[in-house]
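Notes for the structure review
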Amino acid sequence: VCVPRVDWETLAIAPVPIQDMIDDLSVTERGVRQPQEHLPAIDISAVEVIVAPAVGFDLAGGRLGRGGGFYDRVLSSRTTPSAVLGVGFEAQVLDEVPMEGHDQRVDALATPARLIEFARSGKDTEE
């Protein structure tokens, strides 16, 4: 299991494998819990499933982040395919979220009520 570590100077996130949710994480000066600096990051292409948080999602796999572009940058940097899973509550599922050319979509969306998998055409199937 990897947890993202934020580099605030470059505005990038890197996946860092952790073994212990208590001992391997520390609170940064910004109040965010993330992997300790001595733990090595791995290349995003080695990660098979990426959980992408968001403020909102739509039914075409669009995700509306918090405006920093952290996940859009890391998702666009992948050199091998990985599944991208959006996780949220039903109240975060909207008909449409604003998307720009650099915005990255999720492959599936999990809420407490359902799992929606998105086809490349933007149509969805629910389970």
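Rules used in this analysis
- Residues numbered from 1 in each chain as written.
- Predicted model: local features only at pLDDT ≥ 70, side-chain atom pairs only at ≥ 80, totals over all residues.
- Heavy atoms only, no water.
- Core = buried A, V, L, I, M, F, W, Y, C linked by side-chain atoms within 4.5 Å.
- Buried < 20%, exposed > 50% of the residue type's maximum accessible area, 1.4 Å probe, protein only.
- Helix = DSSP H or I, 4+ residues; strand = E, 2+ residues; numbered from the N terminus.
- Contact = heavy atoms within 4.5 Å.
- Patch = residues over 30% accessible without salt bridge, like charges linked within 9 Å, V, L, I, M, F, W, Y side chains within 5 Å.
- Areas by Shrake-Rupley, 256 points an atom, 1.4 Å probe, with all protein chains shown as cover.
- Salt bridge = Lys/Arg side-chain N within 4 Å of Asp/Glu carboxyl O.
- Phe/Tyr/Trp six-rings, centres within 6.5 Å; stacked < 30°, edge-to-face > 60°.
- Lys NZ or Arg CZ within 6 Å of the ring centre and 35° of its normal.

**Considerations on the nonpolar core**
In this structure, I13, V74, V106 and L109 are the most contacted members of the largest nonpolar core, which totals 18 residues. Of all the secondary-structure elements, those providing two or more residues to this core are strand 5 (49-52), helix 1 (70-76) and strand 11 (115-118). Ranked by residues supplied to this core, first place goes to helix 1 with four residues. Ignoring sequence-local partners within four residues, the contact set of V74 consists of I13 and I44.

**Details of a nonpolar patch on the surface**
Together, V49, V51 and V87 make up a nonpolar patch on the protein surface, roughly 240 Å² of accessible area in all. Tracing the chain through its elements places V87 in strand 8 (residues 83-87).

**Digging into the packing of aromatic side chains**
We describe a pair of aromatic rings using the distance from one ring centre to the other and the angle between the two ring planes. In this structure the tally under the stated criterion is one aromatic pair. Consider the rings of W8 and F70, whose centres lie 5.5 Å apart with planes at 75 degrees: the pair is edge-to-face. Highlighted residues: W8 in the loop between strand 1 (2-7) and strand 2 (12-17) and F70 in helix 1, separated in sequence by 62 residues. For R30, the ring lying beneath its charged end belongs to W8, and the centroid distance is 4.0 Å. A cation sits over an aromatic face here: R73 above F70, 5.5 Å from the ring centre.

**Quick look at the pattern of salt bridges**
Tallied over the full model, the rule gives two salt bridges. Put simply, R63 and D72 hold a salt bridge, and the shortest N to O gap is 3.6 Å. Of the two residues examined, R63 and D72, each falls in the buried class.

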